[in-house]
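# Coordinate inspection notes
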Amino acid sequence: ATPKEEPAPVDDGVMTEEPPEPPEPVPEPEEERTVVVNQDNIRHFPHDKEVFSCVWNPVSDLLATGSGDSTIRIWDMRDTTREPIVLKHASSSGNDKLDITALDWSPNGELLASGCLNGSTKIFRNTGELVHTFKIHGAPIFALKFNCKGQYLVTGGMTPSVVVIDLQAAAQVQDYKFNPGNRMEAAMDIHWQSDKTFAACSNNTIIYVCRVGLEKPVKCFKGHEREVNVLRWDNSGTYLATGSEDKTAKVWTLRSEECLHSLTGHTGSVEVVRWMATRPKEQKFVFATASQDSTVRLWNARTGECLQVYNRHTSAVLSICFSPCSGYIASGSVDRSFKIWAVKDGMLVNNYQGGGVISEVCWNGAGNKIAASSEDTNVIVIEISIEQQSAP
């Protein structure tokens, strides 16, 4: 990667704050810690078919999982003896193939949104009641996200449009159709920058930044040479990281049409981008990428420097997630394993071999459980403790 000078600020009407000072090159937790896995508390929670997604409730120990069996299941990890709440997506005829393709909790943890293969979006309460059903896209949904206030839900998939739903009005309020003459064929990923501004990436190589209430995108980022798979804003909304089939990750800001850094090093498609968790008012602009080349890489977004390479997987890495304390990162792979790494030195601290491809890994908010969705129909939940190490 060739570092560039950051462009001078411009008033674009969307973001006016100066980015904070850059972090130290290699982030370190305040204390030396180690991961301890309780081998007696590795549990398997079954679906009837492969499990595609899992996501923790942001305020309680509820885990939502989505499967090819046309159901979402909500598991209460406070009492694992209880049966899960089963939410069915099947149509009245039962003939639709309704793989659950996307899940997201509202910020207050009260609502769960789901997208599926037939293009429908459903909103459930965390107790299982169906609140809304939206049939907007008519094609598979790849991504859906609540904004940080839970007022809007944005959805996109295998159609040339991205739709914003106002949940209070229970109605579609905006439908973005980009480049009418050369339209985006599919929205691969979506992520909110603020209450009203979000980015969407596509398989036409372009990244669109949109603001609710404005008909046209406020920015169109061009620079990737192939399909853009994934994107994420950092917590402050300062930087946008993207990953592509062109084997690069790129860093963008709203102050420039051109990318700040083009990050090379991966030898396969970049499938996942995730930012390191930060404490309130603490800005560590560090993110990780996962690739078809079987590696995970850690980057400094301000400088473009690669800080670490995690390379013990033997096949494509499909999911990564930082621990809430920022000291560890979990990864799931086609090699049927998920691993826990120390961010600081890249050491592999734990490895779990599953029975199928691991498509999703996620850490709960308390940092004491990791969930992984597996092709073998199971959701695997591992209880862990992160303990302070004794001084040598």
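Look above for the structure.
First things first, this report covers the structure right here in the doc.

Calculation notes
- Residues numbered from 1 in each chain as written.
- Predicted model: local features only at pLDDT ≥ 70, side-chain atom pairs only at ≥ 80, totals over all residues.
- Heavy atoms only, no water.
- Helix = DSSP H or I, 4+ residues; strand = E, 2+ residues; numbered from the N terminus.
- Contact = heavy atoms within 4.5 Å.
- Polar contact = N/O pair within 3.5 Å; in protein donor to acceptor, adjacent residues only side chain to side chain.
- Core = buried A, V, L, I, M, F, W, Y, C linked by side-chain atoms within 4.5 Å.
- Buried < 20%, exposed > 50% of the residue type's maximum accessible area, 1.4 Å probe, protein only.
- Pairing = 2+ DSSP bridges.
- Axes fitted to C-alpha atoms, helices over the stretch in contact; angles between N-to-C directions.

## Topic: the environment of D293
If you trace the backbone, D293 turns up in the loop between β23 (286-291) and β24 (296-300). Here the alpha-carbon distance between D293 and K247, two residues 46 residues apart in the chain, equals 9.2 Å. Excluding anything up to four places from it in sequence, D293 contacts G265, H266, T267 and G268. Polar contacts involving the side chain of D293 include one to the side chain of H266, which spans 3.0 Å. Of note is the side chain of D293, whose polar atom sits 2.7 Å from the side chain of T295.

## Comments concerning the nonpolar core
For soluble globular proteins, the rule of thumb is that nonpolar side chains tend to be buried together. If you look at the biggest cluster of nonpolar residues, it comprises 16 residues, and the most contacted ones within it are V154, V162, V164, I190 and F198. Only β11 (152-157), β12 (162-166), β14 (187-192), β15 (197-202) and β16 (207-211) provide two or more residues apiece to this core. Among the elements that line this core, the one with the most residues is β14, at three residues. Those residues in contact with V164, other than ones at most four positions away along the chain, are Y152, L153, V154, A171, Q172, V173, Q174, Y176, F198 and V212.

## A word on the side chain of Q308
By secondary structure assignment, the location of Q308 is in strand β25 (residues 306-310). Owing to a relative accessible area of 18%, Q308 belongs among the buried residues under this scheme. Beyond its immediate stretch of four places on either side in the chain, Q308 contacts V296, R297, L298, V343, K344, D345 and G346.

## As for the sheet that holds strand β17 (residues 219-221)
Reading across the sheet, the four strands line up as β14-β15-β16-β17 and stay open at both edges, with antiparallel pairing between neighbours. The open sheet has two edge strands with one neighbour each: β14 and β17. Recorded for the sheet is a direction-independent mean angle of 20° between the axes of neighbouring strands. Here β16 pairs with β17 via three bridges, running antiparallel. What sits directly across from V209, in β17, is K219.

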